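Listed below, chain by chain, are the residues.
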Amino acid sequence: MHTGPHSPSPQPAVPGGRGGGASPLLVGVIAFAAVFLLIVGGTIAYLVLRGNGAAPSGGGTTTTASASAGPSGTSQSASATPTGEVEEQRCWSPESIERSSADPSGKLRGGGLQFAPPSSYDLIRTPRGLAFMDDARGAYAEVEEDWYSGMSVGAVQWQPGVQYPGAEVASQKILSCYFSASIWGSTQGRSLADEVTEPVTVAGMSGYRTTATVYFAKSDLERTDATSLSVIVLETPQGPSAFLQETAVGVTEHEEAADEALETLTGIG
């Protein structure tokens, strides 16, 4: 680590004779010492550079240095992304969710999917904490103060320059990124368990569903101590789209409403 400018090395005093200059022997010794210091100094500088991981120029085999963890939290090789290619982010998302769909009467629409939100889910807004999704719309129901169950629909949008991996991997990644997003308030000791991915067909559209449960070791919540997550990614005529549900475990009316909403999930006719 660079800690500041290096202090200049003290220069040795050059001895001189009184009125007659330095003796030839002494001049020879000084000259030899100067050459010796240049050779040793150059060798030390080379070793220091090698010790810091720098490869010598002019060919030879280079060793790839491991880069520090990036924003996604995963360590990546400095040579993992060839010049001109995009570095894949673990939980990429658009800078902001842009709405391109209009909700029909009594339904919420996003991407190539729409559903009818239950009457108890009366808070309608743009969801947050969604990776790989755009054109999203969500409905929420209060569990208790500052805590909600929710469901949302939207278009699956993959990181530009990175190949879309298909519905199965997409459902897994969207759920994993939702779990790691900063949306869980003051809860502590969160863990993700019981994760299952399975193929599904909804309204004639094929895809995959990934489900899991988020457990809280500590929270101020009184009605629940866990949240059920479900992400369904379907291949629609408008492109891959997702339906996500976050339901407070043990809150019966919300669990029943989540099942009812799933039954209304369809494509856009």
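Described in the following lines is the structure provided in the data block. Computed from a predicted model, the values in this text were never measured in an experiment.

1. Some words on the overall build of the chain
So, point 1. Looking only at helices and strands, the chain features three helices and 10 strands.
So, point 2. Scored against the burial criterion, the 269 residues of the chain give a buried share of 32%.
So, point 3. A sequence separation of at least 24 residues applies to 57% of the contacts in the chain between residues at least 6 apart.
So, point 4. Carbon and sulfur atoms form 53% of the exposed surface of the chain, whose accessible area is close to 16,100 Å².

2. Describing helix 2 (residues 167-180)
So, point 1. With 14 residues, helix 2 extends 20 Å from end C-alpha to end C-alpha; this agrees with the ideal 20 Å at 1.5 Å per step.
So, point 2. Looking at the packing, one finds that the buried side of helix 2 touches strand 4 (133-144), strand 5 (147-156), strand 6 (188-202), strand 7 (205-218), strand 8 (226-236) and strand 9 (239-248).

3. What to know about the state of the cysteines
So, point 1. Across all of its chains, the model carries one disulfide by this definition.
So, point 2. The disulfide that involves Cys91 links it to Cys177, with 2.0 Å between the sulfurs. Because the torsion about its S-S bond is -90°, the bridge between Cys91 and Cys177 counts as left-handed. Of the two residues, Cys91 sits in the loop between helix 1 (24-51) and strand 1 (108-110) while Cys177 sits in helix 2, which places them 86 residues apart along the sequence.

4. Quick look at the pattern of salt bridges
If charged atoms from side chains of opposite charge come close, those side chains can pair.
So, point 1. With the rule as written, the count across this model stands at six salt bridges.
So, point 2. Arg99 serves as the salt-bridge partner of Asp135, at 3.2 Å between the closest nitrogen and oxygen. Of the two residues, Asp135 sits in strand 4 while Arg99 sits in the loop between helix 1 and strand 1, which places them 36 residues apart along the sequence.
So, point 3. Taking the relative accessible area as the measure of exposure, Asp135 reaches 4% and is therefore buried.
So, point 4. Between Asp103 and Arg137 there is a salt bridge; the shortest N-O distance is 2.8 Å. Of the two residues, Asp103 is situated in the loop between helix 1 and strand 1 and Arg137 in strand 4; the sequence distance between them amounts to 34 residues.
So, point 5. A network of salt bridges, in which partner residues are shared, links Arg99, Asp103, Asp135 and Arg137.

5. Re the sheet that holds strand 10 (residues 266-267)
So, point 1. Spatially, 1-2-10 is the arrangement adopted by the three strands of the open sheet, whose pairing is antiparallel. Looking at which strands have only one partner, the edges of the open sheet turn out to be strand 1 and strand 10.
So, point 2. Looking at chain direction, strand 1 and strand 2 (residues 113-115) are connected through three bridges and run antiparallel. Bridge pairing links Gly110 to Leu113 in strand 2.

6. Some remarks on a negative patch on the surface
So, point 1. On the surface, Glu255, Glu256, Asp259, Glu260 and Glu263 cluster together into a patch of negative charge.
So, point 2. Mapped onto the secondary structure, Glu255 falls in helix 3 (residues 252-263).

7. Looking at the environment of Gln157
So, point 1. In this fold, Gln157 is placed in the loop between strand 5 and helix 2.
So, point 2. Measuring from C-alpha to C-alpha, the distance between Gln157 and Gly239 comes to 9.2 Å, with 82 residues separating the pair along the chain.

8. What about the packing of aromatic side chains?
So, point 1. Within this structure, the stated rule accounts for seven aromatic pairs.
So, point 2. Ring centres 6.3 Å apart and planes at 40° place the aromatic pair Trp147 and Trp184 in the tilted group. Placement of Trp147 in strand 5 and of Trp184 in the loop between helix 2 and strand 6 is noted, with a sequence separation of 37 residues between them.
So, point 3. Taking relative accessible area as the criterion, Trp147 reaches 8% and is therefore assigned buried.
So, point 4. Judged by its relative accessible area of 2%, Trp184 falls in the buried class.

9. Brief notes about the nonpolar core
The tendency in soluble globular proteins is for nonpolar side chains to be buried side by side.
So, point 1. In this structure, Phe132, Ile174, Tyr178, Trp184 and Val233 are the most contacted members of the largest nonpolar core, which totals 31 residues.
So, point 2. Among the secondary structure elements, those contributing two or more residues to this core are strand 4, strand 5, helix 2, strand 7, strand 8 and strand 9.
So, point 3. Top element by residues in this core is helix 2. It accounts for six residues.
So, point 4. If near-sequence neighbours (up to four positions away) are discounted, Val233 is found in contact with Val156, Tyr164, Ala167, Ala170, Ser171, Ile174, Ser206, Gly207, Tyr208, Ser241 and Ala242.
So, point 5. Of all hydrophobic cores here, the second largest spans 17 residues; its members include Ala139, Val153, Val200 and Met205.

Cut-offs and rules
- Residues numbered from 1 in each chain as written.
- Predicted model: local features only at pLDDT ≥ 70, side-chain atom pairs only at ≥ 80, totals over all residues.
- Heavy atoms only, no water.
- Helix = DSSP H or I, 4+ residues; strand = E, 2+ residues; numbered from the N terminus.
- Buried < 20%, exposed > 50% of the residue type's maximum accessible area, 1.4 Å probe, protein only.
- Contact = heavy atoms within 4.5 Å.
- Areas by Shrake-Rupley, 256 points an atom, 1.4 Å probe, with all protein chains shown as cover.
- Expected span 1.5 Å × (residues − 1).
- Disulfide = S-S within 2.5 Å.
- Salt bridge = Lys/Arg side-chain N within 4 Å of Asp/Glu carboxyl O.
- Pairing = 2+ DSSP bridges.
- Patch = residues over 30% accessible without salt bridge, like charges linked within 9 Å, V, L, I, M, F, W, Y side chains within 5 Å.
- Lys, Arg positive; Asp, Glu negative; His and termini not counted.
- Charge placed at Lys NZ, Arg CZ, Asp CG, Glu CD.
- Phe/Tyr/Trp six-rings, centres within 6.5 Å; stacked < 30°, edge-to-face > 60°.
- Core = buried A, V, L, I, M, F, W, Y, C linked by side-chain atoms within 4.5 Å.

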